[in-house]
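Report on the structure
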Amino acid sequence: MPKRSEEMLADLWTSLLLMWITCALHVSMAPFNNQSKSLQTGSGGSREPSEGQRILSRAKRGWVWNQMFVLEEFSGPDPILVGRLHTDLDVGGKNIKYVLAGEGAGTIFAINEKTGDIHAMKRLDREEKAEYTLTAQVINRDTNEPLEPPSEFTIKVQDINDNAPEFSNGPYHATVPEMSAVGTSVTKVTATDADDPVYGNSARLVYSILEGQPYFSIDPNSADIKVALQAMDREMREEYLVVIQAKDMGGHMGGLSGTTTVTITLTDINDNPPKFSKNLYEFTIPEDLGVGKPGGKVKANDRDVGENGRSTYSIIEGNERDFFEITTDPQTQEGILRLKKRLDFETQKFYALKVEATNIRPNAQLDSVGQFKDTATVKVTVEDCDEPPVFSRSTYTLDVHENATVNTVIGQVDARDPDITGSQVRYFIDRHTDLERQFNINVEDGKITLAKPLDRETEMWHNITVTATEVKNHSQISRAIIAIRVLDINDNAPEFATEFEAFLCENGKPGQVIQTVSAVDRDDPQNGHSFLYSLVPEMLNNPNFTIKNNGDNSISILAKHDTFRRQKQEMYYLPIIVTDNGNPPMSSTNTLTIRVCGCSREGIVQSCNVEAYVLPIGLSMGALIAILACIILLLVIVVLFVTLRRHKNEPLIIKDDEDVRENIIRYDDEGGGEEDTEAFDIATLQNPDGINGYLPRKDIKPDLQFMPRQGQNSGPNGVDVDEFINVRLHEADNDPTAPPYDSIQIYGYEGRGSIAGSLSSLETASSESDQNFDYLREWGPRFRRLGELYSVGESDKET
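All of the points below concern the structure found in this document. Bear in mind that the values here come from a model prediction, so they are computed numbers and not experimental data.

Let us look at the pairing of strand E34 (residues 513–520). Bridge count for strand E32 (residues 495–496) against E34 is 2 bridges, and the pairing is antiparallel. For Glu 495, the partnering residue across the bridge sits in E34 and is Val 520. Two elements, E34 and strand E37 (residues 554–559), share 5 bridges in a ladder whose sense is antiparallel. Its bridge partner lying in E37, Val 513 is registered against Leu 558.

Right, here's the structure in full:
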């Protein structure tokens with residue numbers, strides 16, 4: 001028999017035994033109930049009970065149970081008996097009826113109306129509903145009148161172990177550090193059982209490990225998973241799959257069980273030191289490798305991960321001259337050997353370095369013996385290369401006086417080939433830095449000479465670049481910067497700082513300062529400028545002005561008297577000699593212009609012009625301006641008068657502002673025809689034989705309709721140009737719609753019958769062609785005349 005069937009049968013027998021004990025107790029207590037009732041109904045002797053006492057005695061009843069039990073999941077061929085209802089009124093011969101109402105009445109539970117037996121009609125599930133509340137009542141079968149009030153009771157569904165434990169949150173994931181001690185808690189899992197936790201052991205769970213031993217253990221009651229094995233190493237195994245079982249019935253035989261999985265991952269700790277893949281590394285580095293460039297790589301492997309696996313590298317031996325450094329690549333965790341200085345094969349050909357790798361985050365508990373580091377030896381061999389020449393200095397500073405002569409040697413540069421071969425060196429000036437070709441250099445010894453004269457005041461510094469090239473290998477070039485400073489000599493005379501112009505008041509006082517004069521010098525002496533001012537020798541006894549030294553390289557010009565007048569002399573010129581303190585000293589003569597002006601009493605200049613004293617006496621500037629204004633007004637009046645007179649003489653017949661008073665049109669065009677102009681129909685003059693009628697004027701729009709005379713028809717050979725022009729002139733003179741002015745038109749018409757004849761072969765009399773030119777008449781008016789000409793030619797030929 002299956003295990004689940006055995007468990008259900010055992011539970012059924014247990015329920016039946018409980019029901020039998022309950023029924024036995026009820027039978028044994030029945031006499032006491034009847035005695036109690038008889039006592040209640042029969043109390044008070046022979047006295048008749050009152051109406052209230054009848055009601056109370058009628059309401060008194062004696063149900064057998066007020067709580068019943070039914071076993072869940074019971075399924076049999078017949079409905080299962082839940083229990084029996086019985087009242088004291090149910091005695092022999094009574095016609096009573098039991099009625100059931102409430103939860104599940106008539107559907108889940110049914111009652112026998114006569115006996116009061118209650119049967120379960122369906123299979124019940126305690127996990128779906130554990131308790132039902134119903135109401136029982138006894139009524140008269142004939143009248144359906146209640147014999148007593150309804151009474152409420154419950155039917156409880158008795159649990160059986162029909163639900164297995166479940167892990168609702170599984171599967172689980174947990175982590176624990178590697179090398180954790182035995183008993184270290186990892187995680188806790190929880191299972192649930194839908195059976196009744198109060199009744200029996202159906203919901204009492206016990207946990208155990210089906211898979212995952214001997215690495216982990218679990219507490220059978222709390223389901224706490226713990227480490228069970230010492231020194232579990234992540235580098236050996238990182239992940240474990242643990243199967244947990246939960247079993248009900250306290251773990252006894254016959255209980256139901258459920259399982260789940262827990263994936264436990266060991267997290268890393270720094271328990272492994274870095275380790276070089278080999279003890280000796282050998283690199284060959286060319287001597288021309290640039291500073292900061294990598295020369296080789298080393299690698300120390302660490303079995304740890306993340307920050308625990310990161311290492312830092314250092315050179316602990318062999319780098320006394322500080323040629324090398326080693327850095328850590330953050331991506332590959334490699335140690336990169338770089339140059340801090342340029343190597344020189346000729347100086348040192350071999351280096352032996354000792355490199356150490358150390359964990360960034362060592363384990364304090366395990367590093368007491370210094371095991372979280374490792375060392376390796378790095379041998380560096382310097383490879384010889386063809387190096388460019390090396391200057392003795394990268395920058396040279398040379399001094400030269402600005403008066404140095406051409407071809408003067410101003411300095412020398414020196415470069416050598418650092419290689420063992422020792423190739424000769426040639427020197428050149430980079431002309432991009434000496435566009436003026438101010439300097440030259442000796443290609444063999446590097447002496448720099450002056451090619452052109454210098455001027456410090458034009459350019460004080462010259463920066464040129466000199467290149468040194470090996471004779472054997474022209475591609476090996478090095479450069480040096482030459483800064484040439486031009487030293488000053490006293491080659492510039494001092495001069496006035498600006499173009500000074502002084503103003504002298506007529507009413508000035510003797511000794512008055514007219515102007516303060518200063519000088520500048522383009523030279524730059526070491527001790528600063530010191531200027532000496534003096535008047536030219538021929539003006540040492542100048543009666544009008546004198547000079548005064550101010551002590552700050554400037555002078556003041558003073559007036560000697562107060563009798564200056566513009567009427568006598570408007571301007572004075574005072575030449576002054578300025579001399580510097582150079583060796584030898586330089587001097588120049590500068591002229592100061594002094595203008596005599598009229599000033600106010602306060603000494604403010606008002607006028608310095610000549611016209612101030614050439615005007616008549618008593619005529620002020622305001623009067624002069626008034627006279628000029630009157631003259632301008634008279635000129636304006638005259639111009640307006642002349643303009644009005646001219647407008648008055650013009651004809652008043654013109655109504656349109658756009659009309660032209662004289663219209664001279666000349667046509668001398670050899671273009672395409674009559675479409676070339678619009679002033680007149682040129683076809684009339686080109687072919688006057690076919691014109692008959694009146695051509696309207698196009699230069700005006702007539703107000704009256706003028707009927708021209710009827711023209712006479714002229715034959716093809718009867719054209720008279722003079723008569724034609726006269727007729728047109730007569731019509732224009734007698735046209736009332738024409739304006740009163742002449743319109744001259746020139747017609748370039750040569751007429752007919754030229755004595756030169758035609759140059760065309762079409763009219764040649766000697767032609768023997770028999771062509772018929774009548775088709776030209778069908779081509780339209782443009783070719784009609786041409787057809788007539790050829791037709792005439794044919795008729796003349798026949799004649």
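What follows concerns the packing of aromatic side chains. With the rule as written, the count across this model stands at 13 aromatic pairs. When the ring of Tyr 215 is compared with that of Tyr 240, the centres are 4.8 Å apart and the planes differ by 50°; the resulting orientation is tilted. Of this pair, Tyr 215 sits in the loop between strand E10 (206–211) and strand E11 (216–218) while Tyr 240 sits in strand E13 (residues 239–247); the two residues are 25 residues apart in sequence, bridging distant segments of the chain. A centroid spacing of 5.6 Å and a plane angle of 75° characterise the contact between Phe 545 and Tyr 572, whose relative ring orientation is edge-to-face. Of this pair, Phe 545 sits in strand E36 (residues 545–549) while Tyr 572 sits in strand E38 (residues 571–579), placing them 27 residues apart in sequence. A residue is classified by how much of its surface remains accessible, and Phe 545, at 2% relative accessible area, is buried.

Its place among the elements puts Gly 251 in the loop between E13 and strand E14 (257–267). Residue Gly 251 is classed as partly exposed on the basis of its relative accessible area, which comes to 34%. A sequence separation of 44 residues divides Gly 251 from Tyr 207, and the C-alpha atoms of the two residues are 8.2 Å apart.

What follows is about the state of the cysteines. Summed over the entire model, instances satisfying the criterion amount to 2 disulfides. Residue pairing for Cys 597: its cysteine sulfur links by disulfide to Cys 608, the two sulfurs lying 1.7 Å apart. Judged by the sign of its S-S torsion, about 105°, the cystine formed by Cys 597 and Cys 608 is right-handed. Taken as a pair, Cys 597 in strand E39 (residues 587–599) and Cys 608 in the loop between strand E40 (605–607) and helix H3 (611–614) lie far apart in primary sequence, 11 residues in all. Both residues of the pair, Cys 597 and Cys 608, belong to the buried class. Counting only the cysteines that form disulfides, in the order they appear in the chain, gives the pairing 1-3, 2-4.

Together, Ile 627, Leu 628, Ile 631 and Leu 635 make up a nonpolar patch on the protein surface, roughly 380 Å² of accessible area in all. Looking at the element boundaries, Leu 635 is found in helix H4 (residues 621–649).

Turning next to unusual backbone geometry. A cis geometry characterises the amide bond from Gly 170 onward to Pro 171, with omega recorded as -5°. Along the chain, Pro 171 turns up in the loop between strand E7 (151–158) and strand E8 (172–177). Put simply, Gln 213 and Pro 214 share a cis peptide bond, and its omega is 10°. Looking at the secondary structure, you find Pro 214 in the loop between E10 and E11. Even without being glycine, Asn 144 reaches a positive phi, approximately 60°. Along the chain, the position of Asn 144 falls in the loop between strand E6 (131–140) and E7.

Before going further, it helps to examine the sheet that holds strand E28 (residues 439–441). Read across the open sheet, the 3 strands follow the order E25-E29-E28; overall the sheet is antiparallel. Of all the strands in the sheet, the pair left with one neighbour each is strand E25 (409–412) and E28. Going across the sheet, the axis of each strand differs from the next one's by a mean of 25°, ignoring polarity. In this structure, E25 lies alongside strand E29 (residues 447–450), joined through 3 bridges in antiparallel fashion. Looking at E29, one finds that Val 409 is bridged to Thr 449.

Time to look at the sheet that holds E6. Read across the sheet, 4 strands follow the order E1-E7-E6-E3 without closing on themselves; strand pairing throughout is mixed. A single partner strand is all that each edge strand has here, and the edge strands are strand E1 (67–71) and strand E3 (96–102). With strand direction ignored, the average angle separating the axes of adjacent strands in the sheet is 30°. Relative to E6, E3 runs antiparallel, the two sharing 7 bridges. What sits directly across from Val 99, in E6, is Gln 137.

Side chains that carry opposite charge are capable of pairing whenever their charged atoms lie near each other. Here the structure, examined in full by the defined rule, presents 14 salt bridges. Between Arg 456 and Asp 488 there is a salt bridge, and its shortest N-O distance comes to 2.9 Å. Here the residue Arg 456 occupies a position in the loop between E29 and strand E30 (461–470), and Asp 488 occupies one in the loop between strand E31 (477–487) and E32, the gap between them amounting to 32 residues. Judged by its relative accessible area of 8%, Arg 456 is buried.

By the element assignment, Asp 329 lies in the loop between strand E19 (324–328) and strand E20 (334–339). Residues Asp 329 and Thr 312, 17 residues apart in the sequence, show an inter-C-alpha distance of 9.4 Å. Apart from the residues within four sequence positions on either side, Asp 329 is in contact with Glu 334 and Ile 336. For Asp 329, the side chain forms a polar contact with the side chain of Thr 332, separated by 3.3 Å.

Reading guide: rules and limits
- Residues numbered from 1 in each chain as written.
- Predicted model: local features only at pLDDT ≥ 70, side-chain atom pairs only at ≥ 80, totals over all residues.
- Heavy atoms only, no water.
- Pairing = 2+ DSSP bridges.
- Helix = DSSP H or I, 4+ residues; strand = E, 2+ residues; numbered from the N terminus.
- Phe/Tyr/Trp six-rings, centres within 6.5 Å; stacked < 30°, edge-to-face > 60°.
- Buried < 20%, exposed > 50% of the residue type's maximum accessible area, 1.4 Å probe, protein only.
- Disulfide = S-S within 2.5 Å.
- Patch = residues over 30% accessible without salt bridge, like charges linked within 9 Å, V, L, I, M, F, W, Y side chains within 5 Å.
- Areas by Shrake-Rupley, 256 points an atom, 1.4 Å probe, with all protein chains shown as cover.
- Salt bridge = Lys/Arg side-chain N within 4 Å of Asp/Glu carboxyl O.
- Axes fitted to C-alpha atoms, helices over the stretch in contact; angles between N-to-C directions.
- Contact = heavy atoms within 4.5 Å.
- Polar contact = N/O pair within 3.5 Å; in protein donor to acceptor, adjacent residues only side chain to side chain.

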